[in-house]
Structures are given as C-alpha cells and as structure tokens.
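# A look at the structure
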Amino acid sequence: MTGQGADASTPHPPGDRYLVGLIGEGITASLTPALHEGEARALGLDYEYRIFDLLELGRPAEDVGALLADAQAAGFTAMNITHPCKQLVLDLVDELDTDAAHLRAVNLVVFDAGVLRGYNTDWLGYRDGLLAGLPGASFQRVVQIGCGGAGAATAYALLSEGAERLDLFDADPRRADELAARMRRRFPTQVVTTLSPEQLASAIAGASGIVHATPMGMLHHPGVAFDLGLLPPEAWVSDVVYRPLETDLIREAARRGHPVLDGGRMAVGQACASLQIITGIQPDRDRMQRHFRGLISAEERSGTGKGGR
C-alpha cells in the first residue's frame, strides 16, 4: 500500500451507510463522534459513530482483535483506534499503510471486502494543521519535547515536510533515542539528534520552532515544559494538547509575540484524514475546525472539559 495516507482511500458508492467506531480506554467524553457525525451530515452522508470504551466494557487492551472481529461481523465500515491499542493493532491488520508501518502505530482500521487495512492519520493531522495554522513557518531547526505516541506523529510530520534538523528531548532518554533512530532510518538525509537535559536550553535558544508533545498543560497537568524566555523572538510554538485549547504554553507564547499552533489543529486534521479514507470524500477542514472549536468552547463554558490531548 502506498504511503500517501488519506490519498490512498477507495470511494464507497453514493448512498452507502457508514458505521464507524472508536476503540480505546477512558474515551466516553471523546469529541470524535460529534466531529465525524457533524461533518458527515454536512456532506449528506448516512454516518453513525459509536464508542467502545475498554474501561466500560471491562475488556483489556489485548481484546482489541476480538473487538475488531466483532465490528467487522456487525457490518462496521471502519474503526478508529486510540490508546492503549495503537501498537497492538499492527499485527492484526492484513495490509498496513507505509506511514503506519514507519510510525509503528495504527489509529484507523478500514474493513474492505474482508481485508483489514491499517492507517495512521495522526501524523497527517499534525502536518495539515501545521501547514494551515503556521504557513511559511521555518523548519530549519525544530526542537521537540516529548517522544511518545503524539511525539512520533509530530516528528514524522515535521521531517516529511522537510525539517532540516530535528532535536528530540524526552524525560526518558531511551524513548528519545528509539524515536531518533527510527526517524533517521526513514529520513536519512535530514539531521535528527537527541538532547540531554544539559543541552536543552541552548537548543531552544537556537530553534526556529518548538513542538511540545507531552501531557503537561492538560487540565489536571498545568504548567509549561520549558522556559519561553530562551526562544528567539521569531520562533514558532506548537502544542499537541487541545483540552484546553489555550494551554499555559500557548497563552504565554502568544503574549510574547510568537506564532502559535494549538493542539486543536492536529485533532481536527486526523479526524478529517480519517473521514476521507473511510468515505473517499474530501471533508471541509475549515468547517470541521469551526465545529470542533464550538464543541470545545461549549465544554469549557459548562465546566465539563476533561483536559485531554
């Protein structure tokens, strides 16, 4: 299968009914169903999205294969996959998109005539959000803090868009080293380095942009992961956290005059890419962005925000 992500979809015949789900842990408050169904309605599609929360079902992550089999037998079109199952699904699909293989994570499984096809739209979501939200941003030297699942997607997106140098830092040095090794194999002509705690400050001082990909900034994890005073005035700042949309990092960076990219762009981008793969129809990204921000605003007004990415 090609590595083009959303471009690799096969359109379904007009009039099809789409039944889609999300498998993960602690996802009852996910905004994904509303986001998918709202855009599907605008596109005139018969589309239903259901949640399969492992905690509510009393099922371990290792049951994801059985849940996929049940969904396929029940006539589901596709299933989104989230924590803690993205790596487990790698060995369960029949065909794996090239990008998902490089990222070692699947967040979308499409059922196609008995064949399970695995994709990763997280990196597409970040890439598209980055290009739309920070047009003309310099990728000369990007520093990234956090090398977990979200960090793998952001690193892959940055290098795919030609980042000349990517410096990776994680509280767990082994995780940074492992991600750097994978990215070097995939992008051998670009510079990918890891940073020690002692090197982080000087790297930030020389960065054209910085990506924050840790849970810090979520509702129950307030704070900023680095000293914004170290950044050059023209450097851009990106956060993957989207609950709240305006994290402490985004608020302070904007106050200091840095171009900023909040985590909502990545969240909408991956949903948009998933919709396109599932239906073969190009969603309206701007409309989805407006819908998403309306959902977040309503959540924040009501005080029900969960503080997630």
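Since the structure is predicted, the reported quantities are computational estimates derived from the model, not experimental observations.

Moving on to the packing of aromatic side chains. Across all of its chains, the model carries six aromatic pairs by this definition. An angle of 80 degrees between the planes, with centres 5.0 Å apart, marks the rings of Trp123 and Tyr156 as edge-to-face. Residue Trp123 is located in helix α5 (residues 122-133), and its partner Tyr156 is located in helix α6 (residues 149-160); the two are separated by 33 residues in the primary sequence. Overall, the relative accessible area of 0% leaves Tyr156 in the buried class. Ring geometry for Phe139 and Trp236: centres 6.1 Å apart, planes at 80 degrees, overall edge-to-face. Of the two residues, Phe139 sits in the loop between α5 and β7 (142-145) while Trp236 sits in strand β11 (residues 236-239), which places them 97 residues apart along the sequence. Taking relative accessible area as the criterion, Phe139 reaches 13% and is therefore assigned buried. Under the relative-accessibility criterion, Trp236 is labelled buried at 2%.

Here we take up the sheet that holds strand β12 (residues 260-261). What links the strands of a sheet is backbone hydrogen bonding, and the strands pair in either a parallel or an antiparallel sense. Ordered by their spatial adjacency, six strands build an open sheet running β9-β8-β7-β10-β11-β12, and the pairing between neighbours is parallel. The open sheet has two free edges, formed respectively by β9 (191-194) and β12, since each of these has just one partner strand. Here strand β10 (residues 209-212) runs beside β11; their pairing, made up of four bridges, is parallel. In the strand pairing of β11, His212 is matched with Asp239. α6 contacts β7, β8 (165-169), β9, β10 and β11 of the sheet and is inclined by roughly 170 degrees relative to β7.

Take the sheet that holds strand β5 (residues 108-112) next. If you walk across this open sheet you meet the six strands as β2-β1-β3-β5-β6-β4, and the pairing is mixed. Either end of the sheet is taken by a strand with one partner, and the two such strands are β2 (46-53) and β4 (95-96). Strands β1 (17-24), β2 and β3 (78-81) of the sheet are contacted by helix α1 (residues 32-42), whose axis makes an angle of about 175 degrees with β2. Where helix α10 (residues 264-279) meets the sheet, it contacts β1, β2, β3, β5 and β6 (115-119), and its direction lies at approximately 10 degrees from that of β5.

Moving on, we come to the UniProt feature "domain: Shikimate dehydrogenase substrate binding N-terminal" (unreviewed entry) in the chain. Sequence positions flagged by UniProt for "domain: Shikimate dehydrogenase substrate binding N-terminal" (unreviewed entry) are, in local numbering, residues 22-109. Helix makes up 35% of residues 22-109 and strand 22%. Its end C-alpha atoms lie 10 Å apart.

Axis separation between α10 and helix α11 (residues 285-302) bottoms out at 10 Å; the angle between their running directions is 130 degrees. Comparing their axes, α11 and α10 come out oblique. Like other packed secondary-structure pairs, α10 and α11 cross with a definite hand, here right-handed. The residues of α11 that touch α10, namely those facing Gly264, Arg265, Ala267, Val268, Gly269, Ala271, Cys272 and Leu275, are Arg285, Met288, Gln289, Phe292 and Arg293. Class assignment for the residues of the contact of α10 with α11 results in seven nonpolar, three polar and three charged.

Moving on, we get to the pairing of β8. Burial runs high along β8: four of the five residues are buried. Here β7 pairs with β8 via four bridges, running parallel. Looking at β8, one finds that Gln144 is bridged to Leu168. Across four bridges, β8 lies against β9 in parallel orientation. Bridge pairing links Leu168 to Thr194 in β9. A crossover links β8 with its parallel partner β9, the connecting element being helix α7 (residues 173-186), and its sense is right-handed.

Attention now goes to the packing of α5 against α10. It is at 7 Å that the axes of α5 and α10 come closest, and there the two elements cross at 120 degrees. Between α5 and α10, the angle falls in the class oblique. The two elements α5 and α10 cross, and the hand of that crossing is right-handed. On the side of α5, the interface is formed by Asp122, Leu124, Gly125, Tyr126, Gly129, Ala132 and Gly133, while α10 contributes Arg265, Met266, Gly269, Gln270 and Ala273. Taken together, the residues of the contact of α5 with α10 sort by class into five nonpolar, five polar and two charged.

Reading the values: the criteria
Residues numbered from 1 in each chain as written. Predicted model: local features only at pLDDT ≥ 70, side-chain atom pairs only at ≥ 80, totals over all residues. Heavy atoms only, no water. Phe/Tyr/Trp six-rings, centres within 6.5 Å; stacked < 30°, edge-to-face > 60°. Helix = DSSP H or I, 4+ residues; strand = E, 2+ residues; numbered from the N terminus. Buried < 20%, exposed > 50% of the residue type's maximum accessible area, 1.4 Å probe, protein only. Pairing = 2+ DSSP bridges. Contact = heavy atoms within 4.5 Å. Axes fitted to C-alpha atoms, helices over the stretch in contact; angles between N-to-C directions. UniProt positions renumbered as here; feature names shortened; annotations may be inferred. Parallel < 35°, antiparallel > 145°, perpendicular 65-115°, else oblique. Left-handed = near helix turned anticlockwise from the far one by under 90°. Nonpolar A, V, L, I, M, F, W, Y, C, P; charged D, E, K, R; others polar. Right-handed = clockwise from strand over helix to strand, strands pointing away.

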